[in-house]
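# A structural walkthrough
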Amino acid sequence: MPEILELLVSPIHRYEGRPADGPSPAPPGELVDKVVVRAGLGLVGDRYFGRAAHRDAAVTLIAAESLPAGVGLVQSRRNILVRGLDVDSLVGQVLTLDSGCGPVSFAVRRRANPCAWMDVVIGPGAFRALRGKGGIRCAPLTDGELHIGPVEVTTAEPET
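Residues numbered from 1 in each chain as written. Predicted model: local features only at pLDDT ≥ 70, side-chain atom pairs only at ≥ 80, totals over all residues. Heavy atoms only, no water.

### Considerations on the overall build of the protein chain
Condition: Only DSSP runs of H or I reaching four residues or more are called helices, and only runs of E reaching two or more are called strands; each is numbered from the N terminus. Just to be clear, the radius of gyration here is over C-alpha atoms, and the globule rule we use is 2.2 Å times residues to the power 0.38. In this scheme, a residue with accessible area under 20% of its type's maximum is buried, one over 50% is exposed, and one in between is partly exposed, where area comes from a 1.4 Å probe on protein chains only. Residue contacts are counted whenever heavy atoms from the two residues lie within 4.5 Å of one another. In these tables, accessible area is a Shrake-Rupley quantity obtained with a 1.4 Å probe, and a residue counts as shielded only by the protein chains included in the view.
Regarding its fold elements, the protein chain presents three helices and twelve strands. The globule rule puts the C-alpha radius of gyration for 160 residues at 15 Å, and the 15 Å found for the protein chain is close to it. A principal-axis box enclosing the C-alpha atoms of the protein chain has dimensions of 45 × 30 × 25 Å. Each of the 160 residues in the protein chain was classed as buried or not, and the buried ones make up 43%. Here the contacts in the protein chain between residues at least 6 apart in sequence split such that 69% fall between residues at least 24 apart. As displayed, the protein chain offers around 7,800 Å² of accessible surface, 52% of which is attributable to carbon and sulfur atoms.

Following this line, the structure appears as structure tokens:
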């Protein structure tokens, strides 16, 4: 069964400026056990929550299988780390996750392309290695909560 391994809600951007200058320090508490999702807005408390420019891509997911061992959301700056789900193949689909508190649906809009920061925070060559498997950017379609642990997954074509 697929599972949610990590959840990240961060009020700040850590990767600003030039990668050679290094990231800003991580704020305390950005890795959490549960997230609150709001339709059309994103994750409550996250830096992209309610921002008009990010509403179609406010929530990001990445597969643990795409990352080197020991690397997680703190480095990749995605919101949801899953195992057992090929997220990169879901662009254009509706993804529904249920971690025990009811289903939460997302419109998978596009890939979350890696950036040059990956070579700094993960290691040399990570930027190139993550091309095509850097995760997905989604718009939340329903309100709900997600928790770390096993997750039921369904996918569907979007309604027209």
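### As for the sheet that holds strand 10 (residues 144–147)
To be explicit about the condition: Paired strands are those between which DSSP finds at least two bridges.
Read from one edge to the other, the open sheet built from three strands follows the order 4-3-10, with strand pairing classed as antiparallel. Edge positions in the sheet fall to strand 4 (42–43) and strand 10, since each has one partner strand and no second. The sheet contact formed by strand 3 (residues 34–38) and strand 10 spans four bridges and is antiparallel. Paired with Val37 across the two strands is Gly144, which belongs to strand 10.

### Brief notes about the pattern of salt bridges
For clarity, the cut-off: Within this document, salt bridges are pairs made up of a side-chain nitrogen of Lys or Arg and a carboxyl oxygen of Asp or Glu, the two lying within 4 Å of each other.
Taken as a whole, this structure holds five salt bridges when the rule is applied. Where Lys34 meets Glu145, a salt bridge forms, and the shortest distance between an N and an O atom there is 3.7 Å. Taken together, the residues Lys34 in strand 3 and Glu145 in strand 10 connect sequence positions 111 residues apart. Accessibility expressed as a relative area gives 42% for Lys34, which makes it partly exposed. Overall, Glu145 belongs to the partly exposed group, its relative accessible area being 25%. Across the pair Arg109 and Asp56 runs a salt bridge whose closest N-O atoms are separated by 3.6 Å.

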